[in-house]
Amino acid sequence: MTIQGWILIFAFIGILLALTKPVGLWLFALYEGRRTPLHALLGPVESGFYKLAGIDPNAEQSWRRYAVHMLLFNFTLLLFTYAVLRLQGVLPGNPQGLAGVGEHLSFNTAISFTTNTNWQSYGGESTMSNLSQMLGLTIHNFLSAATGIALAFALFRGFARKSATTIGNFWADATRVTLYLLLPLCVLLTIFYIANGVPQTLAGVVDVSTLEGAKQSLLLGPVASQEAIKLLGTNGGGFFNVNSAHPFENPNALTNLVQMLSIFLIGFGLTWTFGKAVGNTRQGWAILSAMLILFVAGVSITYWQEAAGNPILHQLGITGGNMEGKEVRFGIAASALFSVVTTAASCGAVNAMHDSFTALGGMIPLFNMQLGEVVIGGVGAGIYGFLLFAILAVFVAGLMVGRTPEYVGKKIEAREVKLAVLAIAILPLTILGFTALSSVAEAGLAGPLNKGPHGFSEILYAFTSAVANNGSAFAGLTANTPWYNGLLGVAMWLGRFFIIVPMLAIAGSLAAKKYTPESAGSFPTTGGLWVGLLVGIILIVGGLTFLPSLALGPIADHLAMISGQTF
Amino acid sequence: MGNDFTSALRPAIVMTILFAILLGIGYPLAMTGIGQTLFPAQANGSLIRDSGGKVIGSTVVGQAFTSERYFQTRPSAAGDGYDGLASSGSNLGPTAQALTDRVKADVEKRQAEGVTGAVPVDLITASGSGLDPDLSPAAALAQAPRIAKIRGLPETRVRALVAAETKGPMLGFLGEDRVNVLALNQALDRLGAGPAQ
């Protein structure tokens, strides 16, 4: 570990803390449906969209209607992308002349991008045409992110409204977030990425005669426009197979920093927006503090392990940290930081190969996802996932003092707790269930590249990443098979929508409640005790559920590594 | 519930089409127009051309150097090495026998070439992309004696060349000290003793 590495990590957090309130304020304006300066330019687009689609943006929706409209929109998008991928061979914008994408791969990819997972069973350069990248995939990067933020808004309204029957309008939320937040930021980010060497062209392959006289083919394409939203929307689906490790996606240390900042930017802002929405910004800062404690702990472990390196290789006469799967221009600190950022958020972009991390260095990204990606988390999904844990935490606090728990002025009763547990339980059920199945089925065992405990880690990581809608991988796993494409597709769908629907039900149930003013007996949810309780609940739920699986995978792998055992 | 569903049909279909046009076609094409106008070199891959206009590489992406006359690049798992259409890391885990075997062979090869002491770690590990354009200064300097010998140059001159091509962290704390291997080898060729045969 170097001082420079720690400066990077703390500068990264410092920049984000400085941006939290401005971004939160902007999000709050969208949450309230207020006019922004951008309305002068994009307002006509917004109203034109509503007119053509027959939408009344002021029509308030019950939680059921909000859920049905959101689901049907996402399902239509899913079918659209499936069609674009299947028809790739006959559609234009295909300079490489690629064939249509196969059935199970199209199924997997369409779900993957709809659910904001962006798991890549395919290698972008060898599978996807320029049109597929733009029309099939980039559009989801915007709309799955907008869906996530809209859902967070809906839950915020559940806490903020009193005796109400509605939680907002899905179309208005999703459209405003797309037009006034995601699109303008992406325009700026795209220009920045292009200036730094990320290609943006409709051309295909360029042939290079290398200095040694060999032939190398380089693939170009509309990379920068995809890159901008890939990170800002915590999607993570790259243009190329290796994602942000590819020099064309992430050419230097500055683009790398901006990519990491983009992943967390909206998530940080939303904590502030939540506080503002419920009338006390300290509620937001308390949530952010709990998230940051978990984040800094994770980064420290991964950075420490990666900088310490692999003792098996040290015995061969090498010194230094673990550089297998890492790029020289980023080095160990920026690669470790990126890996923890991308899995704390539900991004899944990678700038280094997590499969080749040291055993414990790679366990932290895995554990981040198993916690439900509530450490900052995906845009929208992070904060609503975190609020589910907050409900659980006030419930536990209520049990300890023997009072009906309250949170930000709302009584938390049996219905909310049951729904929160239902949503949280989908993670262990699907992750552990599907991992167990794949660890005994022949088609599942054909997947891992590595042998021994690390092979098990590859399977566990895949299902964790799918259910948590992350999309990063221990990429040694051969996942482009009917078994994995199918199961992972189902896992991604369950992990997204089986959390969202109970969450919206909670929003509806909370909105209907009266406001309960804070009294002397209320458990304060802004101080250090609350932050500690939140961190404790998240670690206990995540730890107790997943520790056995981690013991079989990364922990066994670590013990093998320090004792020099190879497989 | 039924009314919830039917009221969603038209918005779902029309909004999908409208957003597809705006975000899937309008946005990337507008960005392509802006990129091609403002930064044509970068938008087209930061390509390097020789005096005859032939493309010999990109300042951004790495290419394979395996000849003993050049500074060699890191091991690559992209296709047969530095395949621009098949970016990939090795994905070998820390306890993989295949990783140990590969590293052991590379360490022995480097030691046979005259690298003394510890071998710089990036020189014997595969990068994440398989297209890493850089080496650490240590990994370049470790190859200086071999290159000096083959090219008949004083070793101090080769080392000075590495130092001249080394770039520090951006803004003082972003990234690592690094040398772009293609730029370094181009500078090496300019130093005299002609290109590889």
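Conventions we followed
- Residues numbered from 1 in each chain as written.
- Chains lettered and ligands numbered in written order.
- Predicted model: local features only at pLDDT ≥ 70, side-chain atom pairs only at ≥ 80, totals over all residues.
- UniProt positions renumbered as here; feature names shortened; annotations may be inferred.
- Contact = placed C-beta atoms within 7 Å.
- Helix = DSSP H or I, 4+ residues; strand = E, 2+ residues; numbered from the N terminus.
- Nonpolar A, V, L, I, M, F, W, Y, C, P; charged D, E, K, R; others polar.
- Pairing = 2+ DSSP bridges.
- Axes fitted to C-alpha atoms, helices over the stretch in contact; angles between N-to-C directions.
- Domains from an automatic or database assignment.
- Parallel < 35°, antiparallel > 145°, perpendicular 65-115°, else oblique.
- Left-handed = near helix turned anticlockwise from the far one by under 90°.
- Expected span 1.5 Å × (residues − 1).
- Buried ≥ 20, exposed ≤ 12 C-beta atoms within 10 Å, placed from the backbone.

With an unreviewed UniProt entry as reference, chain B is termed Potassium-transporting ATPase KdpC subunit, source organism Sphingopyxis witflariensis. Quoted verbatim from the Sequence similarities (unreviewed entry) field of UniProt, the annotation for chain B is "Belongs to the KdpC family."

The name that an unreviewed UniProt entry assigns to chain A is Potassium-transporting ATPase potassium-binding subunit, with the source organism given as Sphingopyxis witflariensis. Recorded in UniProt for chain A, the comment headed Function (unreviewed entry) runs: "Part of the high-affinity ATP-driven potassium transport (or Kdp) system, which catalyzes the hydrolysis of ATP coupled with the electrogenic transport of potassium into the cytoplasm. This subunit binds the extracellular potassium ions and delivers the ions to the membrane domain of KdpB through an intramembrane tunnel." Entered under Sequence similarities (unreviewed entry) in the UniProt record, the comment concerning chain A runs "Belongs to the KdpA family."

Chemist: I tried to follow the interface of chain A and chain B on my own but got confused; where do I start?
Modeler: Note on interface size: it is often stated as the accessible area lost on association of the parts. With 104 residues of chain A at the contact, the number on the chain B side is 93 residues. At nine residues, the largest contribution of residues to the side of chain A that touches chain B is made by helix α3 (residues 63-86) of chain A. Each residue belonging to the side of chain A that touches chain B can be placed in one class, and the counts come to 58 nonpolar, 35 polar and 11 charged.

Chemist: How should I be thinking about the sheet that holds strand β3 (residues 134-135) of chain B in this particular structure?
Modeler: Within a sheet, neighbouring strands are paired by backbone hydrogen bonds and run either parallel or antiparallel to one another. Residue and element names in this part refer to chain B. Here three strands make up an open sheet; going across it, the order is β3-β5-β4 and the pairing antiparallel. Only two strands of the sheet have a single partner each, and these edge strands are β3 and β4 (166-167). By the bridge criterion, two bridges tie β4 to strand β5 (residues 178-180) in an arrangement that is antiparallel. From the neighbouring strand, Lys 167 faces β5, where its bridge partner is Arg 178. Of the strands in this sheet, β3 and β5 touch helix α7 (residues 181-190), which is tilted by about 65° from β5.

Chemist: Sorry if this is basic, but what is going on with the pairing of strand β1 (residues 205-209) of chain A here?
Modeler: Side chains on a regular strand alternate between the two faces of the sheet. Residues and elements named next belong to chain A. Examined bridge by bridge, β1 and strand β2 (residues 215-219) share five bridges and lie antiparallel to one another. Across the sheet, residue Asp 207 finds its bridge partner in β2, namely Ser 217. Between β1 and β2, which pair antiparallel one after the other, the connecting turn spans five residues, and Gly 213 there sits at a positive phi close to 90°.

Chemist: I'm lost on the domain arrangement of chain B in this one. Help?
Modeler: Along its sequence, chain B is organised into domain 1 (1-44) and domain 2 (55-192). Domain 1 of chain B and domain 2 of chain B are separated by 42 Å when their C-alpha centres are compared.

Chemist: I keep staring at the packing of helix α7 (residues 170-195) of chain A against helix α8 (residues 223-232) of chain A and nothing clicks. Help me out?
Modeler: Geometrically, a packed helix pair is captured by the angle between its two axes and the distance between the axes. All names here are of chain A. At a minimum axis distance of 8 Å, the contact between α7 and α8 shows a crossing angle of 125°. Taken together, the axes of α7 and α8 lie oblique to each other. You can see that α7 and α8 cross each other, and the crossing is right-handed. Packed against α7, whose contacting residues are Leu 182, Leu 185, Cys 186, Leu 189, Thr 190, Tyr 193 and Ile 194, the element α8 presents Ala 224, Ser 225, Glu 227, Ala 228, Ile 229 and Leu 232 at the interface. Counted by class, the contact of α7 with α8 contains 10 nonpolar, two polar and one charged residues.

Chemist: How should α3(A) be read in this particular structure?
Modeler: Helical geometry: 3.6 residues make up each α-helical turn, so side chains three or four residues apart lie on a common side. Helix length check: α3(A) (24 residues) gives 34 Å between terminal C-alpha atoms against 34 Å at 1.5 Å per residue, within 8%. Counting buried residues in α3(A) gives 18 out of 24 residues, a clear majority hidden from the surface.

Chemist: Would you mind showing me how to read unusual backbone geometry here?
Modeler: Only a minority of non-glycine residues have a phi that is not negative, and only a minority of peptide bonds are not trans. Even without being glycine, A:Asn469 reaches a positive phi, approximately 55°. Within the secondary structure layout, A:Asn469 lies in the loop between α17 (453-467) and α18 (482-511).

Chemist: Teacher, can you tell me more about the domain arrangement of chain A here?
Modeler: All names here are of chain A. With domains assigned, chain A is organised as domain 1 (35-252) and domain 2 (281-563). The distance between the C-alpha centroids of domain 1 and domain 2 comes to 24 Å. Opposite the 47 residues of domain 1 that make contact, domain 2 presents 52 residues. Looking at the side of domain 1 that touches domain 2 element by element, the count peaks at 10 residues for helix α6 (residues 130-160).

Chemist: What is the right way to look at the packing of helix α15 (residues 414-440) of chain A against α18(A) in this model?
Modeler: Residues and elements named next belong to chain A. Running from N to C, α15 and α18 cross one another at 175°; their axes reach a closest spacing of 8 Å. In this view, α15 runs roughly antiparallel relative to α18, as classed from their interaxial angle. Of the residues in α18, those in contact with Arg 415, Glu 416, Leu 419, Ala 420, Leu 422, Ala 423, Ile 426, Thr 430, Phe 434 and Ser 438 of α15 are Leu 487, Ala 491, Leu 494, Gly 495, Phe 498, Ile 499, Pro 502, Met 503, Ala 505, Ile 506, Ser 509 and Leu 510. Here the residues of the contact of α15 with α18 are counted per class, giving 16 nonpolar, four polar and two charged.

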